[in-house]
Amino acid sequence: MKHIISPTDLSLSELDELLDLSEEIIEDPSKYSEICHGKKLASLFYEPSTRTRLSFEAAMLNLGGNILGFSSADSSSAAKGESVADTIRVISSYADICAIRHPKEGAPLVASHHSSIPVINAGDGGHNHPTQTFTDLLTIKHLKGRLQELTIGFCGDLKFGRTVHSLITALARYSNIKFILISPKELKIPDYIREEILDAKGISYVEVRGLEEVMSYLDILYMTRVQRERFFNEADYVRLKDTYVLDSRKMTLAKEDMLVLHPLPRVNEISTDVDDDPRAVYFKQAQYGVYVRMALIMKLLKLV
Amino acid sequence: MLNIGVLREGIVIDHIKAGGAMKIYSYLNLENVDNSVAIIKNARSNKMGKKDIIKIEGNLGDINLDVLGVLDHRITINIIEDGVIKVKKNLELPDTVENVLLCKNPRCITSIEQSIPHIFHLTDKDNGMYRCIYCEQEHEKR
Ligand SMILES: [Zn+2]
């Protein structure tokens with residue numbers, strides 16, 4: 001039995017296999033449309049995340065499977081005080097695989113300890129969100145043709161942005177990766193990422209404040225949202241939220257084959273005048289998110 | 001220098017980080033034993049500058065002293081018999097401890113579900129660093 005709790009639960013070769021299978025789906029999205037016939041995915045969402053939940057459910061439906069579950073804690077047994085362990089014991093007998101989202105860190109790991117079906121972490125607080133990381137990797141691999149020898153800029157909230165931390169950790173496993181970390185000083189990446197990942201692996205990186213000055217170096221620009229709830233007061237939020245807005249004028253400074261990624265939803269950090277630029281791939285990225293989840297479901301159910 | 005001459009039979013818990021003796025004292029539940037116990041605070045140490053020491057007369061029965069290394073990885077333990085050091089042991093840090101350290105991260109699932117065991121994993125042997133397996137928060141040594 002294999003569960004996916006953290007992005008590094010897959011070895012590099014397992015990850016390669018997952019991305020290869022995902023690319024097969026990109027080429028022919030209907031290729032596996034009946035493979036999960038008679039199988040059920042339980043989506044256990046203890047907090048609402050419509051985008052992620054629909055992505056998982058679309059993935060299972062694309063494979064010919066069925067879905068069941070709940071989309072917030074108050075519509076679930078958790079509202080009556082049932083433990084994650086008990087819920088998963090019961091769900092294990094209803095479904096073949098489950099995706100669990102929970103506001104508390106480690107809840108999916110707890111579930112995996114009591115589950116007889118594969119558990120996929122669909123986000124546990126600010127901790128892990130492995131399928132987002134796999135989506136990001138697939139987008140880069142498919143559109144760039146490689147995961148090595150890339151200069152990747154991360155822009156925005158690098159302090160609290162879990163997708164950034166996970167993707168840096170995942171990309172650090174590949175060779176000749178350079179990072180350019182673009183953020184206000186209040187939102188720089190945490191020390192443990194700098195020390196335990198970047199410095200420990202001798203990875204080249206720079207930290208800068210301005211986006212424009214580094215645009216021309218980037219192969220990938222990963223934009224993030226500055227979340228209102230991260231700030232103690234509204235004034236700080238207002239002061240910082242517009243610091244890094246990507247618009248079509250800034251895009252003229254970038255390489256012709258640079259890609260812009262964003263985990264979505266965006267607020268205003270990418271101006272809508274960038275959307276039609278062929279280098280803006282964030283909507284494609286969301287589509288690849290469904291494909292990589294299809295591949296993951298097939299792998300975990302050992303159907304391929 | 002630590003004078004062990006006064007102790008014929010007993011346990012000397014040495015090289016406790018200065019200020020840490022009371023935590024060890026309460027972990028071992030020493031307030032509830034009949035043994036005579038001496039706590040030495042801020043003893044001078046060449047290695048550490050200052051340190052705490054606990055001396056316990058007699059024995060404590062069946063107790064796993066290795067766990068003390070989890071609370072403070074520099075601790076050494078001397079078992080005294082007939083007035084001499086019988087065993088001088090460095091503590092072996094266990095890879096995993098259950099319900100010894102408690103996760104205090106309010107975002108951790110253990111903060112809302114009481115029945116989940118608090119499990120910590122040794123992630124850095126040299127520094128004796130343990131992380132909660134659920135939220136990966138490191139255990140704060142005081
Ligand atoms: Zn924890």
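Numbering of residues starts from 1 in each chain and follows the order in which that chain's sequence is written. Chains and ligands are labelled sequentially in the order written, the chains with letters from A and the ligands with numbers from 1. Residue-level local features of this predicted model are given only where pLDDT is at least 70; pairs of side-chain atoms are given and counted only at 80 or more, and the full residue set underlies all totals for whole chains, interfaces and linings. Hydrogens and water molecules were not included; the side-chain quantities draw on all heavy atoms of the structure.

> I would appreciate a short explanation of the overall build of chain B in the present structure.
A helix here means a DSSP run of H or I that spans at least four residues, while a strand means a run of E at least two residues long, and both kinds are numbered starting from the N terminus. For chain B, the count of helices and strands is two helices and eight strands. Listed N to C, the secondary structure of chain B is β-α-β-β-α-β-β-β-β-β in terms of helices and strands. If one aligns the C-alpha atoms of chain B with their principal axes, the spans along those axes are about 50 × 30 × 20 Å. Exposed residues in this analysis have more than 50% of their type's maximum accessible area, buried residues have under 20%, and partly exposed residues fall in between, with area computed by a 1.4 Å probe over protein chains only. Going through the 142 residues of chain B one by one, you find that 44% of them count as buried.

> Help me out: how do you make sense of the overall build of chain A in this one?
A tally of regular secondary structure across chain A gives 10 helices and nine strands. Every radius of gyration here is taken over C-alpha atoms, with the globule rule written as 2.2 Å times N^0.38, N being the number of residues. Against the 2.2 N^0.38 benchmark of 19 Å for 304 residues, chain A shows a C-alpha radius of gyration of 19 Å, consistent with a compact globule. Projecting the C-alpha coordinates of chain A onto the three principal axes gives extents of approximately 55 × 45 × 40 Å. For chain A, with 304 residues in total, the buried portion stands at 57%. Here the contacts in chain A between residues at least 6 apart in sequence split such that 74% fall between residues at least 24 apart. Only heavy atoms matter for contacts: two residues are in contact if any of them lie within 4.5 Å across the pair.

> Explain the coordination of the zinc ion to me, please; I cannot follow it from the model alone.
Coordination angles at a metal have ideal targets, namely 109.5 degrees for four tetrahedral donors and 90 or 180 degrees for six octahedral donors. All names here are of chain B. The zinc ion binds to the protein through Cys103 (SG), Cys108 (SG), Cys132 (SG) and Cys135 (SG); the donor distances cover 2.3 to 2.4 Å. For the zinc ion, the donor residues sit on a single chain with the sequence spacing C-x4-C-x23-C-x2-C. Here Cys103 is found in the loop between strand 6 (96-98) and strand 7 (119-124), whereas its partner Cys135 is found in the segment after strand 8 (129-132), with 32 residues between them in sequence. Across this residue pair, the class does not change: Cys103 and Cys135 are buried. Counted as coordinating are nitrogen, oxygen and sulfur atoms within 2.8 Å of the metal, or 3.2 Å for Na, K and Ca, while water is not included, which may make sites look incomplete.

> Please clarify how the packing of aromatic side chains should be interpreted in this entry.
In this description, an aromatic ring pair is defined by two values, namely the gap between the centres and the angle between the planes. All names here are of chain A. Only Phe, Tyr and Trp rings are paired, with Trp represented by its six-membered ring, and only when their centres lie within 6.5 Å; those with planes under 30 degrees apart are stacked, over 60 edge-to-face, the remainder tilted. Applying the stated criterion across every chain yields a total of five aromatic pairs over all chains. Following the ring pairs from residue to residue traces out a cluster consisting of Phe154, Phe179 and Tyr222. Sitting over the face of the ring of Phe56, Arg293 holds its NZ or CZ atom 4.9 Å from the ring centroid. Only when the NZ of Lys or the CZ of Arg is both within 6 Å of the ring centre and within 35 degrees of the ring normal is a charge said to sit over the ring.

> What's the story with the sheet that holds strand 7 of chain B in this structure? I'm lost.
The strands making up a sheet are joined through hydrogen bonds of the backbone, oriented either antiparallel or parallel. All names here are of chain B. Only when DSSP finds a minimum of two bridges between them are two strands counted as paired. Spatially, three strands are ordered 6-7-8 in an open sheet, and the strand pairing comes out antiparallel. The open sheet has two free edges, formed respectively by strand 6 and strand 8, since each of these has just one partner strand. Taking each pair of neighbouring strands and ignoring which way they run, the sheet shows an average axis angle of 35°. Bridge analysis of strand 7 against strand 8 gives four bridges, and the strand direction is antiparallel. Paired with Phe120 across the strands is Cys132, a residue of strand 8. To obtain an axis, a line is fitted to C-alpha atoms, over the contacting stretch when the element is a helix, and the angle between two such axes runs from 0 to 180 degrees between their N-to-C directions.

> Just checking my understanding: could you explain the pairing of strand 2 (residues 66-70) of chain A for this structure?
Within a regular strand, the side chains alternate between the two sheet faces. Pairing analysis gives five bridges linking strand 1 (residues 40-45) of chain A to strand 2 of chain A, with the strands arranged parallel. In the strand pairing of strand 2 of chain A, Ala42 of chain A is matched with Leu68 of chain A.

> What's the story with the side chain of Asp124 of chain A in this structure? I'm lost.
All names here are of chain A. Of note, Asp124 is situated in strand 4 (residues 119-124). For the purpose of charge, His is not counted, nor are the chain termini; Lys and Arg are scored as positive and Asp and Glu as negative. Any carboxyl oxygen of Asp or Glu that lies within 4 Å of a side-chain nitrogen of Lys or Arg is treated as forming a salt bridge with it. Buried within the structure, Asp124 lacks any salt-bridge partner; its nearest side chain of opposite charge belongs to Arg162, at an N-O separation of 5.2 Å. Within the structure, Asp124 has its side chain in polar contact with the backbone nitrogen of Gly106 (distance 2.9 Å). Those residues in contact with Asp124 that lie beyond four places of it in its chain are His102, Lys104, Glu105, Gly106, Pro108 and Arg162. Polar contact is defined as a pair of N or O atoms within 3.5 Å, subject to the rule that within protein one atom must be able to donate a hydrogen and the other to accept it, and that residues adjacent in sequence are counted only when both atoms are side-chain atoms.

> For this particular structure, what's the right way to read the interface of chain B and chain A?
In many reports, interface size means the accessible area that the parts give up when they come together. Counting residues at the interface gives 14 residues for chain B and 15 residues for chain A. By convention, the term buried area covers the 1.4 Å-probe accessible surface removed from two parts as they join, with the contributions of both added. Both faces considered, chain B and chain A share a buried interface measuring about 1100 Å² in area, 53% of it formed by carbon and sulfur atoms. Our enumeration of links across chain B and chain A arrives at two salt bridges. Joining chain B to chain A, the criterion identifies eight residue pairs in polar contact (both at pLDDT 80 or more).

> I tried to follow the environment of Gly38 of chain A on my own but got confused; where do I start?
Mapping Gly38 of chain A onto the fold places it in the loop between helix 1 (12-27) and strand 1. Among residues more than four places away in sequence, those in contact with Gly38 of chain A are Gly64 and Asp96 of chain A.

> How should helix 6 (residues 162-171) of chain A be read in this particular structure?
An α-helix turns once every 3.6 residues. As a result, residues three or four positions apart point the same way. By the criterion of burial, helix 6 of chain A is predominantly enclosed, with nine of the 10 residues buried. Where helix 6 of chain A is concerned, the buried positions are Arg162, Thr163, Val164, His165, Ser166, Leu167, Ile168, Ala170 and Leu171 of chain A.

> Mind showing me how you'd approach the pairing of strand 5 (residues 84-90) of chain B here?
Residue and element names in this part refer to chain B. Pairing geometry for strand 4 (residues 76-81) and strand 5, over six bridges, is antiparallel. If you follow Ile77 over to strand 5, its bridge partner there is Lys89. The turn joining strand 4 and strand 5, which pair antiparallel and follow one another in sequence, is formed by two residues; a positive phi near 50° is taken by Asp82.

> Could you clarify how one ought to interpret the nonpolar core in this entry?
Burial of nonpolar side chains together is a common tendency in soluble globular proteins. Residues enter a nonpolar core if they are buried and are Ala, Val, Leu, Ile, Met, Phe, Trp, Tyr or Cys, with the set joined through side-chain atoms within 4.5 Å. Residues Phe154, Ile168 and Phe179 of chain A are the most contacted members of the largest nonpolar core, which totals 60 residues. Considering each element in turn, this core owes the most residues, 10 residues, to helix 10 (residues 282-300) of chain A. Here the bounds of each domain stem from an automatic or database domain assignment. Taken domain by domain, this core gets at least three of its residues from each of domain 1 (7-128 + 289-300) and domain 2 (130-285) of chain A. In this structure Phe154 of chain A touches Val164, Leu167, Ile168, Leu171, Phe179, Ile180, Leu181, Ile182 and Tyr222 of chain A, once residues within four positions along its chain are discounted. Core analysis: the next-biggest nonpolar cluster, separate from the first, contains 52 residues, Ala95 of chain A together with Ile24, Val70 and Ile77 of chain B among them.

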